[in-house]
Amino acid sequence: VVDLATLTGACMVALGKKIGGLFGTDDAVAMVAEAAEVAGERLWHLPLPEDYRKQIDSDVADMKNTGESHGGAITASLFLKEFAGDGPWAHLDIAGPARAPETEGYILKGGTGFGVRTIVELARQMAGPVASSQ
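Computed from a predicted model, the values in this text were never measured in an experiment.

Peer 1: Any chance you could explain the sheet that holds strand β4 (residues 90–93) here in plain terms?
Peer 2: Note on sheets: strands pair through backbone hydrogen bonds, and any given pair is parallel or antiparallel. Taken in spatial order, the four strands of this open sheet run β1-β4-β2-β3, and their pairing is mixed. Across the chains shown, the open sheet's two edge strands, defined by having one partner strand only, are β1 (2–5) and β3 (43–45). Taking the axes of each pair of neighbouring strands and ignoring which way they run, one obtains an average angle of 25° across the sheet. The sheet contact formed by strand β2 (residues 20–24) and β3 spans three bridges and is parallel. Across the sheet, residue Gly 20 finds its bridge partner in β3, namely Leu 43.

Peer 1: I keep staring at the side chain of Gln 55 and nothing clicks. Help me out?
Peer 2: Tracing the sequence through the fold places Gln 55 in the loop between β3 and α3 (72–81). Non-local contacts of Gln 55, meaning those with residues more than four positions away in its chain, are made with Lys 64, Thr 66, Gly 67, Glu 68, His 70 and Thr 75.

Peer 1: In this structure, what is going on with the nonpolar core? I would like to understand it.
Peer 2: One recurring pattern in soluble globular proteins: nonpolar side chains tend to sit buried together. Residues Leu 22, Val 32, Leu 43, Ala 90, Leu 92 and Ile 94 are the most contacted members of the largest nonpolar core, which totals 13 residues. Secondary structure elements with two or more residues in this core: α2 (26–39) and β4. Of all the elements, α2 adds the most residues to this core, at five residues. In this structure, Leu 22 is in contact with Val 29, Val 32, Ala 33, Leu 43, Trp 44, His 45, Leu 46, Ala 90, His 91 and Leu 92, ignoring residues within four places of it in sequence. Counting residues in hydrophobic clusters, the runner-up holds twelve residues, among them Leu 15, Ile 56, Met 63 and Ala 84.

Peer 1: Sorry if this is basic, but what is going on with the pattern of salt bridges here?
Peer 2: Any two side chains of opposite charge can pair, on the condition that their charged atoms come close. Within this structure, the stated rule accounts for six salt bridges. Between Lys 81 and Glu 50 there is a salt bridge; the shortest N-O distance is 2.9 Å. Placement of the pair is Lys 81 in helix α3 and Glu 50 in the loop between β3 and α3, with a sequence separation of 31 residues. Owing to a relative accessible area of 31%, Lys 81 belongs among the partly exposed residues under this scheme.

What counts, and at which threshold
- Residues numbered from 1 in each chain as written.
- Predicted model: local features only at pLDDT ≥ 70, side-chain atom pairs only at ≥ 80, totals over all residues.
- Heavy atoms only, no water.
- Pairing = 2+ DSSP bridges.
- Helix = DSSP H or I, 4+ residues; strand = E, 2+ residues; numbered from the N terminus.
- Axes fitted to C-alpha atoms, helices over the stretch in contact; angles between N-to-C directions.
- Contact = heavy atoms within 4.5 Å.
- Core = buried A, V, L, I, M, F, W, Y, C linked by side-chain atoms within 4.5 Å.
- Buried < 20%, exposed > 50% of the residue type's maximum accessible area, 1.4 Å probe, protein only.
- Salt bridge = Lys/Arg side-chain N within 4 Å of Asp/Glu carboxyl O.

In structure tokens form, the structure reads like this:
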């Protein structure tokens, strides 16, 4: 499972507007990181420390969707992790690179589609070699 979301401004504070945050299980993170590198999209692997999970505990609900003011990208990702199941999972926090403030190279000002090239490359790698139609 791979999800992409403009989840937190906290990730933008940490990584700026050109790098997305990458969270998840080790196996999925490795696959997504490799695909992102091939696709030319910059991601940075961030931790999911279990001791931060208590920040989304709630006295009145199963959990709350925000933690303390610091580490928001981590607690938001831990929230998503609760719904990802037990298999491989990766979350891309694309809040920064989802919109470009100005045109730069092939990236036009506005919505960038960040993450799409990574997902396409991941699917290509998972499909394996395609047999020639000759």
